[in-house]
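# Per-entry structural report
Letter by letter, the chains look like this.
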Amino acid sequence: MMLRLIAATLLLASALAAPSLLDLDREWTVFKQIHNRGYAQEEETARRGIWESNLRMIQQHNLEADRGVHSYRLGMNHLGDMTRDEIVGLLNGFKMAANRTVGATYLAPSNVGDVPTQVDWRDKGYVTPVKNQMQCGSCWAFSTTGSLEGQHFKKTGKLVSLSEQNLVDCSKKEGNMGCKGGLMDQAFTYIKKNKGVDTEESYPYTGKDGIRCHFRRTDVGATDVGFTDIPRDDETSLQSAVATVGPVSIAIDASRTTFHFYKSGVYYDAECSSTRLDHGVLAVGYGTSEGDDYWLVKNSWGAEWGLQGYIQMARNRDNACGVATQASYPRV
């Protein structure tokens, strides 16, 4: 009798928790309205199936987070009707470099232990608003402009939004491939050789490869004289650089579905690689939340993703997701 009562209770709880078809219909309609989606009939069936699969994954993860299994929560966002492979293929455009020999190497100060326990360069005016790379693998360009915007502000006291499209269209000779990917160090090299990068206002972002380069020297917003690489896998040096230099360009493994739908908390996925990196982002600070150390990272997927465009990524956990594998910043 007791077993039957327990089973009935579990079935009732499951029925109450599971969304009905009507609920899913309503939520799917809201998703399409919010994100301005329109599909042909056959594609809509497929896209809704992908969305439902992502929604179930998010709900299951958050149930586990409620039990303390995870230190972060997920949420539906504008990527909800895309598969993992589509997101990685369209948005993750960082191309790893086999060797890093052209930049200076960062040497942490001898008093590295004196760095603050918490840093957030947004509070000091170093960081422009969150941008959106759209469906273009230009993350490397956004990471590049982010760190240069910070260093330019540090030198001049003026925060100037710089042109990612300038880098997408014009830095191919340095090895970058526009929407098909690139590397921040190669973009810093282009800016040095080119004697500058245009402002966002003068060379606006389009989210696609331009037919030709439209750089104009009269519109230069900032320049650099080279770049500095942080020693590989060294989170202590990265912390020192973020604390003393400013926002730093980093590369991460952003291939996990948990990253795609991150919403809040300190992100840690045991399956995240520290050697296979595919996404360029910007470390703008660090801190500790409820005992979990984190890096404060600016993404380029719009303000509706994550913590209004940011993510807290696990710090001091064996270089989780490769945050310290290929980090660098420009010298101005």
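- Looking at an unreviewed UniProt entry, one finds the protein named Cathepsin L, with Littorina saxatilis as its source organism.
- A UniProt comment under Sequence similarities (unreviewed entry) is attached to the protein, and it reads "Belongs to the peptidase C1 family."

## Some details on the overall build of the protein
- Across its full length, the protein holds 9 helices and 12 strands.
- Taking 332 residues into account, the globule formula puts the C-alpha radius of gyration at 20 Å, and the protein, at 22 Å, falls close to it.
- Considering only C-alpha atoms, the protein reaches an extent of 80 × 50 × 35 Å along its principal axes.
- Scored against the burial criterion, the 332 residues of the protein give a buried share of 52%.

## Details of the UniProt feature "domain: Cathepsin propeptide inhibitor" (unreviewed entry) in the protein
- UniProt's feature table lists "domain: Cathepsin propeptide inhibitor" (unreviewed entry) at residues 28–87, given in the numbering used throughout.
- Along residues 28–87 one finds 62% helix and 5% strand; the C-alpha atoms at either end are 19 Å apart.

## Focus on helix H3 (residues 41–66)
- Between the first and last C-alpha of H3 there are 37 Å, a value that for 26 residues agrees with the 38 Å anticipated at 1.5 Å per step.
- The set of residues buried in H3 consists of Arg47, Arg48, Ile50, Trp51, Glu52, Asn54, Leu55, Ile58, His61, Asn62 and Ala65.
- Of the residues trailing H3, Gly68 is marked for its positive phi of about 90°.

## A closer look at the UniProt feature "domain: Peptidase C1A papain C-terminal" (unreviewed entry) in the protein
- The feature "domain: Peptidase C1A papain C-terminal" (unreviewed entry), as annotated in UniProt, sits at residues 115–331 in this numbering.
- Between the end C-alpha atoms of residues 115–331 there is a gap of 21 Å, over a span that is 23% helix and 23% strand.

## So, the environment of Tyr329
- Relative to the helices and strands, Tyr329 is located in strand E12 (residues 328–331).
- Using a relative accessible area of 9% as the deciding quantity, one classes Tyr329 as buried.
- Along the chain, Tyr329 and Asp224 lie 105 residues apart, while their C-alpha atoms are 10.0 Å from each other.
- Other than its neighbours up to four places away in sequence, Tyr329 contacts Tyr106, Phe188, Phe227, Thr228, Ile230, Val245, Pro247 and Val248.

## Thoughts on the nonpolar core
- Core analysis: the biggest nonpolar cluster contains 51 residues, and Leu238, Val248, Ile250, Phe259 and Met313 have the highest contact counts within it.
- When contributions to this core are tallied by element, the ones reaching two or more residues are strand E1 (72–74), helix H4 (84–91), helix H8 (235–244), strand E7 (248–252), strand E8 (262–267), strand E9 (279–289), strand E10 (292–298) and strand E11 (310–314).
- Counting residues per element, this core draws most heavily on E9, which supplies 5 residues.
- Once you skip the residues sitting within four places of it in the chain, Ile250 turns out to touch Ser143, Met184, Leu238, His279, Gly280, Val281, Leu282, Ala283, Val297, Val323, Gln326 and Ala327.
- One finds Ala97, Trp140, Ala251 and Leu277 within the second-largest nonpolar core, a separate group that totals 23 residues.

Conventions and cut-offs
Residues numbered from 1 in each chain as written. Predicted model: local features only at pLDDT ≥ 70, side-chain atom pairs only at ≥ 80, totals over all residues. Heavy atoms only, no water. UniProt positions renumbered as here; feature names shortened; annotations may be inferred. Helix = DSSP H or I, 4+ residues; strand = E, 2+ residues; numbered from the N terminus. Rg over C-alpha atoms; globule rule 2.2 N^0.38 Å. Buried < 20%, exposed > 50% of the residue type's maximum accessible area, 1.4 Å probe, protein only. Expected span 1.5 Å × (residues − 1). Contact = heavy atoms within 4.5 Å. Core = buried A, V, L, I, M, F, W, Y, C linked by side-chain atoms within 4.5 Å.

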